[in-house]
Amino acid sequence: MLSFQSLTVAYTGSPVIDELNLDIQDGAVVALLGANGAGKSTLLRTASGLLAPRAGRVQLDGQDLTSVAVENRVRLGLAQVPEGRSVVTELSVDENLHLGGLWRYRDRSDRNAAVDQMYEMFEPLWRRRMSLGHELSGGERQMLSLARALISEPRVLLLDEPSLGLAPRVVAQLMTLLRETADRTGLTVLLAEQNVTSALSIADRGVVLGLGEIVVDAPAADLAADPALRQAYLGF
Ligand SMILES: Nc1ncnc2c1ncn2[C@@H]1O[C@H](COP(=O)(O)OP(=O)(O)OP(=O)(O)O)[C@@H](O)[C@H]1O
Ligand SMILES: [Mg+2]
């Protein structure tokens, strides 16, 4: 279980996240919602270790991650797909995937098998496997970012606005794929999204941030179906 306890995060002045408590069960897909500047990215960056909290803790299975460096959190199974992609633009799709699997699979044939599995999941990447990162479309790049994170078989995936800049059809494909992966592998997903409808369509639970606090925490289906809740907290 991923757990945030009395978490307070600040950049310079007053806290952006203020004494936040949140437990995320294994295998759950949680949509992290809220207006621009609500603190979604900040929470994800604190979970992955890019930001240190001012107070409070992030725990994974009861282990305090506070003093665990980013790369060691990755080894513990925490993978982040940052806003704005993680593709190496000078490398091919295939090289990017092998790089993503490097530390996880020492054995080359194991790594090849893992890369092949990613091509099975992401058909368009197979067709573009020799293309360089900078030659990919936004959607293809987003798929590659996701595949690079998934190839290391993380337990928890932290995703920051994967739908950004993508066509609705591509967003739908990505979301379906995330849900299927979570169902098949027990992957836990914390999904920050402005695309509320898409995120709630695959999430188990919706958590709305406002002014550094959780203002709503409800089953995704309830949140999607309740016009009053949607109006009050999500603006539609
Ligand atoms: N590097 C930074 N330095 C100082 N303040 C920052 C920094 N990054 C974010 N902030 C501030 O922290 C607050 C939360 O920002 P954050 O990026 O976490 O919001 P968000 O919910 O991800 O918003 P969006 O939906 O626009 O991505 C905002 O007020 C923002 O201005
Ligand atoms: Mg953000």
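Up top is the structure.
Residues numbered from 1 in each chain as written. Chains lettered and ligands numbered in written order. Predicted model: local features only at pLDDT ≥ 70, side-chain atom pairs only at ≥ 80, totals over all residues.

Caption draft 1: The arrangement of the overall build of the protein chain in detail. Within the protein chain one finds 10 helices and 10 strands. Relative to the 2.2 N^0.38 estimate, which gives 18 Å for 236 residues, the radius of gyration of the protein chain is 18 Å and therefore close to what a compact globule would have. Principal-axis analysis of the C-alpha atoms places the extent of the protein chain at approximately 45 × 40 × 30 Å. Counting over 236 residues, the protein chain shows a buried share of 40%. (Helix = DSSP H or I, 4+ residues; strand = E, 2+ residues; numbered from the N terminus. Rg over C-alpha atoms; globule rule 2.2 N^0.38 Å. Buried ≥ 20, exposed ≤ 12 C-beta atoms within 10 Å, placed from the backbone.)

Caption draft 2: Structural view of the pairing of strand β7 (residues 156-160). Burial analysis of β7 places 5 of its 5 residues in the buried class, which makes it a mostly covered element. Where burial is concerned, the two faces of β7 agree: the one with V156, L158 and D160 and the one with L157 and L159 are both buried. Judged from the 4 bridges that link them, strand β6 (residues 78-81) and β7 form a sheet pairing that is parallel. Across the sheet, residue A79 finds its bridge partner in β7, namely L157. Inspection of the sheet shows β7 paired to strand β8 (residues 188-192) by 5 bridges, in the parallel sense. Considered in β8, the bridge of D160 is made with A192. (Pairing = 2+ DSSP bridges.)

Caption draft 3: Quick peek at the sheet that holds β8. Taken together, 6 strands build an open sheet; the order of strands is β6-β7-β8-β3-β9-β10 and the sheet is mixed. With one partner strand each, in any of the chains shown, β6 and β10 (213-219) form the two edges of the open sheet. Looking at each pair of strands side by side, their axes are set apart by 15° on average, direction ignored. Its contacts with the sheet place helix α1 (residues 40-48) against β3 (29-33), β6, β7, β8 and β9 (205-210), and it is angled at close to 145° to β7. (Axes fitted to C-alpha atoms, helices over the stretch in contact; angles between N-to-C directions. Contact = placed C-beta atoms within 7 Å.)

Caption draft 4: Expanded view of the site of ligand 1. If you check the shell around ligand 1, you find Y11, V16, G34, N36, G37, A38, G39, K40, S41, T42 and Q194 and nothing else. Its residues placed into classes, the shell around ligand 1 shows 3 nonpolar, 7 polar and 1 charged. (Near = placed C-beta within 6 Å. Nonpolar A, V, L, I, M, F, W, Y, C, P; charged D, E, K, R; others polar.)

Caption draft 5: Geometry of the packing of helix α3 (residues 93-101) against helix α6 (residues 138-150). Between α3 and α6, the least distance of the axes is 8 Å, while the angle of their chain directions is 30°. By the criterion of interaxial angle, the relationship of α3 to α6 is roughly parallel. Here α3 runs over α6; the crossing is right-handed. Facing V93, N96, L97 and G100 of α3, the residues of α6 in contact are L144, A147 and R148. In terms of residue class, the contact of α3 with α6 is made up of 4 nonpolar, 2 polar and 1 charged. (Parallel < 35°, antiparallel > 145°, perpendicular 65-115°, else oblique. Left-handed = near helix turned anticlockwise from the far one by under 90°.)

Caption draft 6: Main features of unusual backbone geometry. Positive phi, normally seen in glycine, also occurs at D61, with a value near 50°. Relative to the helices and strands, D61 resides in the loop between β4 (55-60) and β5 (63-64). Of the residues examined, D61 has 11 C-beta atoms within 10 Å and is grouped as exposed. Of note, L211 is a non-glycine position whose phi angle comes to about 50°, a positive value. Along the chain, the position of L211 falls in the loop between β9 and β10.

Caption draft 7: View of the nonpolar core. Ranked by internal contacts, the top residues of the largest apolar core, which has 63 residues, are V30, A31, L32, A147 and L191. With 6 residues, α6 is the single largest residue contributor to this core. The residues contacting A31, other than those within four sequence positions of it, are L191, E193, A199, L200, A203, G206, V207 and A220. (Core = buried A, V, L, I, M, F, W, Y, C linked by C-beta atoms within 7 Å.)

Caption draft 8: Structural detail: the packing of α3 against helix α4 (residues 108-121). The N-to-C vectors of α3 and α4 enclose an angle of 125°; their axes lie 10 Å apart at closest approach. Considered as vectors, α3 and α4 are oriented oblique to each other. Once α3 is placed against α4, the crossing between them reads as right-handed. For the pair α3 and α4, the contacting residues are L97, H98 and G101 in the first and R111, A114, V115 and M118 in the second. Within the contact of α3 with α4, the residues separate by chemical class into 4 nonpolar, 2 polar and 1 charged.

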